[in-house]
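Chains, contacts and geometry: an overview
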Amino acid sequence: TILLCSLYWDIQLGGELHKEFTRALEFAEDQGIPVLISGDLNAHSQVWCSPKTDRRGMVVEELMLQHDLCISNQGSRLTYQRANAAQS
């Protein structure tokens, strides 16, 4: 069993992750279920090779520490690139 979470954190929303998401993480942790998160979090942090850390990045960093999560990105390889050159 594994908990697979796909998460979109809308840039227009406030600085907190959805409560249901954090409850799901807590449930998985209590039950000893591994978690895989794939998402568009609109969060930047030097921890995952962004040039700067923003408020959302700090929220995600804290979440990672609280739930013993790790990053699976492949080095500095881009995971998103828009036609107008926006990338992350």
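Going by the structure above, here's the rest.
None of the values given here were measured: they were computed from a predicted structure.

Thresholds applied
- Residues numbered from 1 in each chain as written.
- Predicted model: local features only at pLDDT ≥ 70, side-chain atom pairs only at ≥ 80, totals over all residues.
- Heavy atoms only, no water.
- Pairing = 2+ DSSP bridges.
- Helix = DSSP H or I, 4+ residues; strand = E, 2+ residues; numbered from the N terminus.
- Right-handed = clockwise from strand over helix to strand, strands pointing away.
- Patch = residues over 30% accessible without salt bridge, like charges linked within 9 Å, V, L, I, M, F, W, Y side chains within 5 Å.
- Areas by Shrake-Rupley, 256 points an atom, 1.4 Å probe, with all protein chains shown as cover.
- Salt bridge = Lys/Arg side-chain N within 4 Å of Asp/Glu carboxyl O.
- Lys, Arg positive; Asp, Glu negative; His and termini not counted.
- Charge placed at Lys NZ, Arg CZ, Asp CG, Glu CD.
- Buried < 20%, exposed > 50% of the residue type's maximum accessible area, 1.4 Å probe, protein only.
- Phe/Tyr/Trp six-rings, centres within 6.5 Å; stacked < 30°, edge-to-face > 60°.
- Lys NZ or Arg CZ within 6 Å of the ring centre and 35° of its normal.
- Expected span 1.5 Å × (residues − 1).
- Contact = heavy atoms within 4.5 Å.

Points about the pairing of strand E1 (residues 3-8)
Pairing of E1 with strand E2 (residues 35-40), which is carried by six bridges, proceeds in the parallel orientation. Residue pairing for E2: tyrosine 8 is matched across the bridge by aspartate 40. Crossover handedness for the path E1 to helix H1 (residues 19-31) to E2: right-handed.

Here's the deal with a negative patch on the surface
There is a patch of like negative charges on the surface, built from Glu26, Glu29, Asp30 and Asp68. By the element assignment, aspartate 68 lies in the segment after helix H2 (55-67). Aspartate 68 gets classed as exposed once you look at its relative accessible area, which sits at 72%.

Some words on a nonpolar patch on the surface
Residues Ile2, Leu4 and Leu36 make up a contiguous nonpolar surface patch of about 320 Å² in total accessible area. Mapped onto the elements, leucine 36 comes out in strand E2. For leucine 36, a relative accessible area of 46% translates into the label partly exposed.

What about the packing of aromatic side chains?
All told, the structure shown has zero aromatic pairs when counted by the stated rule. Taking NZ or CZ as reference, arginine 56 lies 4.3 Å from the ring centre of tryptophan 9, over its face.

Here's the deal with the pattern of salt bridges
Within the structure shown, the criterion is met by one salt bridge. Note that glutamate 20 and arginine 23 form a salt bridge whose closest N and O atoms lie 2.3 Å from each other. Taken together, the residues glutamate 20 and arginine 23, both in helix H1 and three residues apart, mark about one turn of the helix.

A look at H1
Compared with an ideal rise of 1.5 Å per residue, which puts 13 residues at 18 Å, H1 spans 18 Å between its outermost C-alpha atoms and is within 8% of the ideal. Summarising the contacts, the buried residues of H1 are in contact with E1, E2 and H2. Glycine 32 occupies a position one or two residues after H1 and carries a positive phi of about 70°.

Concerning unusual backbone geometry
Residues other than glycine seldom take positive phi values, yet asparagine 42 does so here, at roughly 50°. On the secondary structure map, asparagine 42 appears in the loop between E2 and H2. The phi angle at aspartate 68 is positive, at roughly 55°, despite the residue not being glycine.

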